[in-house]
Amino acid sequence: MKKIILMIAFISISMLGKAQCNLPYKPLSSFGSDTTAFIIYNFMDRADCYKGKTLKEVTKDLGMPVKYHAKILLSRGALFSGINIYIYDDITVSKLRDSNKDYNAIRIYWEKEINILDPQYDKVRISGWNKGFYDYVKDMRIKELEVSIPRYSKYYEKYKQKKTKSYDPNKRKEGVW
């Protein structure tokens, strides 16, 4: 009897953990031209759908080219635990941020950190989002996925209680932003 109760409890907990994955993926066309709403729905509301998946699967669902990325550096030496990916280039991100216009980032944490001193990584060290870097990280397994929403965004109030990392120039985290 105890085994049956434990099994039912385990199945129930497993189903609750997968609850976000019951939301269907929606293409950008469903949101008109609102890329922020598209990213919030597909990558914040459905974030658990990407746990254990790869960066390649995220970029496929994104359906837009990634134009810029920023590494999430750990404070302990030569490791980085993930990346922020943007659909804008670095200059556009800076201009949007400086003029308080809506933009966002998908923050991806890896299951296993990357050592930037690894000789394989050294070959793709070139800055920017390029094929060599993408090929190096595309099969990395995702531990967690978040969406950054700036405090001045029209979506901020609605989503500030969710797992979002909003941009605050006074609070930089681990060398990001």
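Before reading further, recall that the structure is shown in the block above.
Keep in mind it's a predicted model, so treat the numbers as computed, not measured.

1. Notes on the pattern of salt bridges
What the rule picks out here adds up to three salt bridges. D34 is paired through a salt bridge with K154; the nearest N and O atoms lie 4.0 Å apart. Taken together, the residues span a long stretch of sequence, with D34 in the loop between α1 (2–17) and α2 (35–45) and K154 in the loop between β4 (142–148) and α7 (156–159) at a distance of 120 residues.

2. What about the side chain of T59?
Secondary-structure assignment places T59 in helix α3 (residues 55–62). Only 3.0 Å separates the side chain of T59 from the backbone oxygen of K56, close enough to count as a polar contact.

3. Overview of the pairing of β4
Counting buried positions over the seven residues of β4 gives six, a clear majority of the element. Here six bridges tie strand β3 (residues 105–115) to β4, and the two strands are oriented antiparallel to one another. Bridge pairing in β4 links I106 to V147.

4. Observations concerning α2
Note: α-helices contain 3.6 residues per turn, so residues at a spacing of three or four share the same orientation. The element α2 is extensively covered by neighbouring structure, given that eleven of its eleven residues are classed as buried. Taken as a whole, α2 has its buried residues at T35, T36, A37, F38, I39, I40, Y41, N42, F43, M44 and D45. Turning to α2, the residues buried within the fold contact α3, β3, β4 and α7.

5. As for the pairing of β3
Relative to β3, strand β2 (residues 79–86) runs antiparallel, the two sharing six bridges. Following the sheet pairing, I85 is matched in β3 by I106.

6. A look at the packing of aromatic side chains
Tallied over the full model, the rule gives six aromatic pairs. An angle of 70° between the planes, with centres 6.1 Å apart, marks the rings of F31 and F38 as edge-to-face. Taken together, the ring pairs in this structure connect Y25, F31, F38, Y41, F43 and Y50 into an aromatic cluster. The ring of Y41 carries K26 above its face, with NZ or CZ at 4.8 Å from the centroid. The ring of F80 has K71 lying over it, and the distance from NZ or CZ to the ring centre is 5.9 Å.

About the thresholds
Residues numbered from 1 in each chain as written. Predicted model: local features only at pLDDT ≥ 70, side-chain atom pairs only at ≥ 80, totals over all residues. Heavy atoms only, no water. Salt bridge = Lys/Arg side-chain N within 4 Å of Asp/Glu carboxyl O. Helix = DSSP H or I, 4+ residues; strand = E, 2+ residues; numbered from the N terminus. Polar contact = N/O pair within 3.5 Å; in protein donor to acceptor, adjacent residues only side chain to side chain. Buried < 20%, exposed > 50% of the residue type's maximum accessible area, 1.4 Å probe, protein only. Pairing = 2+ DSSP bridges. Contact = heavy atoms within 4.5 Å. Phe/Tyr/Trp six-rings, centres within 6.5 Å; stacked < 30°, edge-to-face > 60°. Lys NZ or Arg CZ within 6 Å of the ring centre and 35° of its normal.

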